[in-house]
Amino acid sequence: MAPRAAARLESLGFDAVYEYRAGKLDWLAAGNPTEGENSKGPRAGDVARKDAVVCGLKDRVGDVRERARAAGWNVVVVVDDAQVVLGLLRSEQLEEEPGLPVEKAMRPGPSTFRPYVPIKEMADYMVEHQLDSVPITTSAGQLVGVLFKGDAAREAASGSAATRRLITS
């Protein structure tokens, strides 16, 4: 909570008051609960698949490719020991030489998105930029999941339909 709000609560006699210094966007990015009108619609973190196939820099492309195929995925997220996103292996990179280290094949520093982004905004962005999938991360860069364009578009469309029903009722 903001310093002024914390000070006011303390002045009212509250004992256990904590200042959350990282701020509201960090709170949202961590997937913490929120209130208000904007909290009602689905967000990227709600729709992202949490069972992403991940690997490390030293893994071999061939081993990672087999794990991805077994899981039915065409994208693998490269992470460090703290689950911070370092890169991506998309279909093209997964077809590289089997013995090649992931570090040599990956697309480094991919664009990532925060869990609080409204799903409609994500769907529009992914369609406009022709992205089949994007990593969803905390503000510290830790993987939350992978959002697929089809999932985002489906969820955005169902939300729009629900909104139209509310408006016409």
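Before reading on, note that the structure itself is shown above.
Undergrad: I'm lost on the side chain of Thr137 in this one. Help?
TA: Relative to the helices and strands, Thr137 is located in strand E5 (residues 133-137). Of the residues examined, Thr137 reaches a relative accessible area of 1% and is grouped as buried. A polar side-chain atom of Thr137 sits 2.8 Å from a polar atom in the side chain of Arg114. Those residues in contact with Thr137 that lie beyond four places of it in its chain are Val85, Thr112, Phe113, Arg114, Pro115, Gln142, Leu143 and Val144.

Undergrad: Is there a simple way to think about the pattern of salt bridges in this case?
TA: A side chain with one charge may pair with a side chain of the opposite charge, provided their charged atoms come close. Applying the stated criterion across every chain yields a total of 8 salt bridges. When the shortest N-O distance is used, the salt bridge between Asp59 and Arg67 registers 3.9 Å. Overall, Asp59 belongs to the partly exposed group, its relative accessible area being 30%. Its relative accessible area of 38% is what places Arg67 among the partly exposed residues. Put simply, Lys149 and Asp132 hold a salt bridge, and the shortest N to O gap is 3.6 Å. Of this pair, Lys149 sits in helix H8 (residues 149-168) while Asp132 sits in the loop between helix H7 (119-128) and E5; the two residues are 17 residues apart in sequence, bridging distant segments of the chain. One salt-bridge network, held together by shared partners, links Arg49, Asp151 and Arg154.

Undergrad: Help me understand helix H4 (residues 61-71), please; the structure alone is not making it clear to me.
TA: Every α-helix winds through 3.6 residues per turn, so residues three or four apart in the chain are directed the same way. Of the positions making up H4, those classed as buried are Val61, Gly62, Val64, Arg65 and Ala68. Take H4 and look down its axis: the buried residues cluster within an arc of 160°, on one side only. In H4, those exposed residues whose orientation departs by more than 90 degrees from the buried face are Asp63 and Ala70. The elements touched by buried residues of H4 are strand E1 (54-55), strand E2 (76-79), strand E3 (85-89), helix H5 (91-94) and helix H6 (102-105).

Undergrad: I would appreciate a short explanation of unusual backbone geometry in the present structure.
TA: Glycine aside, residues mostly have negative phi, and peptide bonds are mostly found in the trans state. Positive phi outside glycine occurs at Gln83, with the angle close to 70°. Considering the arrangement of structural elements, one finds Gln83 in the loop between E2 and E3. Residue Gln83 is classed as partly exposed on the basis of its relative accessible area, which comes to 34%. For Gln130, which is not glycine, the phi torsion reads 50° and is therefore positive. By the element assignment, Gln130 lies in the loop between H7 and E5. The exposure class of Gln130 is exposed, given its relative accessible area of 68%.

The rules behind these values
Residues numbered from 1 in each chain as written. Predicted model: local features only at pLDDT ≥ 70, side-chain atom pairs only at ≥ 80, totals over all residues. Heavy atoms only, no water. Helix = DSSP H or I, 4+ residues; strand = E, 2+ residues; numbered from the N terminus. Buried < 20%, exposed > 50% of the residue type's maximum accessible area, 1.4 Å probe, protein only. Polar contact = N/O pair within 3.5 Å; in protein donor to acceptor, adjacent residues only side chain to side chain. Contact = heavy atoms within 4.5 Å. Salt bridge = Lys/Arg side-chain N within 4 Å of Asp/Glu carboxyl O. Arc of directions from axis to C-beta.

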